Amino acid sequence: MFDIFTKSSYQALQSGKNYFAFAHKTVSSQIKNLIYPSLQPNISPLSQKLLTQLQDNMNQLLARDWEDSQAGVYPQNLLFDNSWEDFFCYYPLICLDLPNIWERIKNRRYQEFSQEISTDNYPSYYVQNFHYQTDGYLSELSANLYDLQVEILFGGSTDAMRRRILCPLKSQLTAFDHIPQEQLRVIDIACGTGRTLKLIRAALPDVSLFGIDLSPAYLRKANELLSQIPGELPQLVQENVEELPYRDNYFHGTTCIFLFHELPAAVRQTVIEECFRVTKPGGIFIICDSIQVNDVPEMELVVKNFSETFHEPYYKHYITDNLVERLEKAGFEQIETQVHFVSKYKYWIAHKPSY
């Protein structure tokens, strides 16, 4: 009876987030169209059949999320890890920032940053207002709003999608059972605000966690988040992931969430090769990112609409890029791909040979 109540509570929470995200997008879109009628994106409307399929896909995702918690892949309480304090604090700021985003879209200012923000020493591809967000990834405001923004964007499913990496990660780390857990090292590449690291910590309470990101603001947010965990000592580094500051064969597990669609093609290959270099033989590398154009033919319209709706300058190439080929070129093998839900969620699970 308790499990039935808990499952119903989880489903209610997810439904609430989904409905709220839909209401926010509907109302904000109506206001934008009223104030800026010329800003309507050139996208094709989704059919009712496709909308129904998207909802079915989300339901399947949530069912899988529940099943993994019951199987012990991660604690059940992780399903309810949502900070309402952050929601009430930051949601008004998201609303207040919308006119800035609309002005940026109207005037095609895609590389606009506040005067106090230095964009020196960052690669040119990074100095973008991805999703038109204010200050790109380089301000405290951006770091504070990011997690809530992506939750709204993907109907409250973002953490459920991040949790899809935990089962293969835990499974592959059993190859190192002869090593004490505290000596296992896992790194999250482009760790952002630290949400993925927090989820990994819940599933793997004893391993040593590392994170690397280009944004000092997002790393400060990650440090704040991870420091809330008793006894946690975040090992976070600000650095370009094209040159990982770690020795060869250092990590037993390497993860990368939502990065590759924001990289130019050549940089994607460089980052994959760096991840191969720092992953131990017998270790695992897991990528989670956007679905690609040929994965689910009926979703092609959704994928194409995404590139028209948001400022993602490298997305059109990404959705046709062969990441399996890139992983094999770097030296990975036994590469498995999985597709979950919609527009941001495909997984590549690659193994480094044991030699």
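What counts and what doesn't
- Just so you know, the residues in each chain are numbered from 1, in the order the chain's sequence is written.
- Only residues with pLDDT of at least 70 get local features here, since the model is predicted, and only at 80 or more are side-chain atom pairs given and counted; chain-wide, interface and lining totals rely on the full set of residues.
- Heavy atoms throughout the structure, all of them, feed into the side-chain values; hydrogens and water do not.
- Counting from the N terminus, the helices are DSSP H or I runs at least four residues long and the strands are E runs at least two residues long.
- Each residue is placed in one exposure class: buried if its accessible area under a 1.4 Å probe, protein chains only, is under 20% of its type's maximum, exposed if it is over 50%, and partly exposed if it falls in between.
- By definition in these notes, contact holds between two residues if any of their heavy atoms fall within 4.5 Å.
- Methods summary: accessible areas were calculated by the Shrake-Rupley approach with a probe of 1.4 Å, and residue burial reflects only the protein chains presented.
- Only four residue types enter the tally: Lys and Arg on the positive side, Asp and Glu on the negative side, with His and both chain ends excluded.
- Every charge is mapped to an atom, namely NZ of Lys, CZ of Arg, CG of Asp or CD of Glu.
- Here, a salt bridge means any Lys or Arg side-chain nitrogen found within 4 Å of an Asp or Glu carboxyl oxygen.
- As a rule, the C-alpha atoms of each element are fitted with a line to give its axis, helices using only the stretch in contact, and angles between N-to-C directions run from 0 to 180 degrees.
- Should an angle lie under 35 degrees it is considered roughly parallel, over 145 roughly antiparallel, and from 65 to 115 roughly perpendicular; all remaining angles are considered oblique.
- Under the grouping applied here, Gly and all other residues not named as nonpolar or charged are polar, the nonpolar ones being Ala, Val, Leu, Ile, Met, Phe, Trp, Tyr, Cys and Pro and the charged ones Asp, Glu, Lys and Arg.
- Working rule for helices: expected span equals 1.5 Å times residues minus one.
- Working definition for bend: take the seven residues up to and ending at a residue and the seven starting at it, fit an axis to each, and measure the angle between the axes.
- Grouping buried Ala, Val, Leu, Ile, Met, Phe, Trp, Tyr and Cys residues that are joined through side-chain atoms within 4.5 Å yields what is termed a nonpolar core.
- In short, DSSP must find at least two bridges between two strands for them to pair.
- Exposure above 30% relative accessible area and the absence of a salt bridge qualify a residue for a patch, where like charges join within 9 Å and nonpolar side chains (Val, Leu, Ile, Met, Phe, Trp, Tyr) within 5 Å.
- Seen with the strands pointing away from the viewer, any crossover whose path from the first strand over the helix to the second strand runs clockwise is right-handed.
- In this scheme the handedness of a crossing depends on how the near helix is turned from the far one: anticlockwise by less than a right angle means left-handed, clockwise means right-handed.

(A) A look at the overall build of the protein chain. When helices and strands are tallied, the protein chain shows 12 helices and 7 strands. In the protein chain, buried positions account for 56% of the 355 residues. Contacts in the protein chain between residues far apart in sequence, at least 24 positions, make up 76% of those at least 6 positions apart. Accessible surface computed for the protein chain: about 16200 Å², of which carbon and sulfur atoms make up 52%. In the protein chain, which carries 31 positive and 43 negative side-chain charges, the distance between the mean positions of the two groups comes to 3 Å.

(B) Representation of the pattern of salt bridges within the structure. Applying the stated rule across the entire model yields 19 salt bridges. Here E112 makes a salt bridge to R104, at a shortest N to O gap of 3.0 Å. You can call E112 partly exposed: its relative accessible area is 25%. Residue R104 is classed as buried on the basis of its relative accessible area, which comes to 3%. A salt bridge links R162 to D147, with the nearest nitrogen and oxygen atoms 3.8 Å apart. Of the two residues, R162 sits in helix α5 (residues 158-162) while D147 sits in helix α4 (residues 140-153), which places them 15 residues apart along the sequence.

(C) Expanded view of the packing of helix α3 (residues 84-106) against α4. As a packed pair, α3 and α4 sit with axes 9 Å apart at the nearest point and diverge in direction by 90 degrees. Taken together, α3 and α4 sit at an angle that is classed as roughly perpendicular. Within the contact between the two elements, α3 uses F87, Y90, Y91, L93 and I94 and α4 uses L141, N144, L145, L148, Q149 and I152. Residue classes in the contact of α3 with α4 are distributed as 9 nonpolar, 2 polar and no charged.

(D) A look at α3. With 23 residues, α3 extends 33 Å between its outermost C-alpha atoms, agreeing within 8% with the 33 Å of an ideal straight helix rising 1.5 Å per residue. For α3, the principal kink sits at D97 and spans about 35 degrees; a proline, P99, occurs within the next four residues. At the C-terminal side of α3, R108 shows a positive phi close to 55 degrees.

(E) Local environment of the nonpolar core. Judged by nonpolar contacts, the single largest core of 92 residues is most densely connected at L166, I189, Y246, L259, F260 and F285. Take this core: its biggest share by element is 6 residues, from helix α9 (residues 265-278). Setting aside anything within four residues of it in sequence, one finds I189 in contact with I212, V241, L244, T254, T255, C256, I257, L259 and C275. Of all hydrophobic cores here, the second largest spans 8 residues; its members include F87, L145, L148 and I152.

(F) Layout of the sheet that holds strand β1 (residues 185-189). Taken in spatial order, the 7 strands of this open sheet run β3-β2-β1-β4-β5-β7-β6, and their pairing is mixed. Of all strands in the sheet, those with a lone pairing partner are β3 (235-238) and β6 (333-339), marking the two edges. For this sheet the average axis-to-axis angle between neighbouring strands, irrespective of direction, equals 15 degrees. Sheet strands touched by helix α6 (residues 166-173): β1, β4 (251-257), β5 (279-289) and β7 (346-351). Its angle to β5, the strand with the most contacts, is close to 175 degrees. The strands touched by α9 are β1, β4 and β5; relative to β5, the strand with the most contacts, the crossing angle is about 145 degrees.

(G) View of the environment of G283. In this fold, G283 is placed in strand β5. Once the C-alpha coordinates of G283 and Q55 are considered, the two residues, 228 residues apart in sequence, prove to be 35 Å apart. Among all residues touching G283, those that are not within four sequence positions of it are Q172, F176, H252, A350, H351 and K352.

(H) Structural view of a nonpolar patch on the surface. On the surface, a nonpolar cluster with roughly 400 Å² of combined accessible area is contributed by V27, I31, L34 and I35. Among the secondary structure elements, I35 is positioned in helix α1 (residues 2-35).

(I) Main features of the pairing of β3. Two elements, strand β2 (residues 208-213) and β3, share 4 bridges in a ladder whose sense is parallel. Within β3, the position partnered with I212 by the bridge is V237. A crossover connection joins β2 to the parallel β3 through helix α8 (residues 216-226); in handedness this β-α-β unit is right-handed.

(J) Helix α7 (residues 195-203), seen in detail. Burial of α7 is extensive: 8 of the 9 residues sit out of reach of the surface. Within the span of α7, buried status applies to R195, T196, L197, K198, L199, I200, R201 and A203.

(K) Just the packing of α6 against α7, in detail. Between α6 and α7, the shortest axis-to-axis distance is 11 Å and the interhelical angle comes to 50 degrees. Taken together, the axis directions place α6 and α7 in an arrangement best described as oblique. Handedness of the crossing formed by α6 with α7: right-handed. Here L166, L169 and K170 of α6 come into contact with α7, specifically with L199, I200 and A203. Class assignment for the residues of the contact of α6 with α7 results in 5 nonpolar, no polar and 1 charged.

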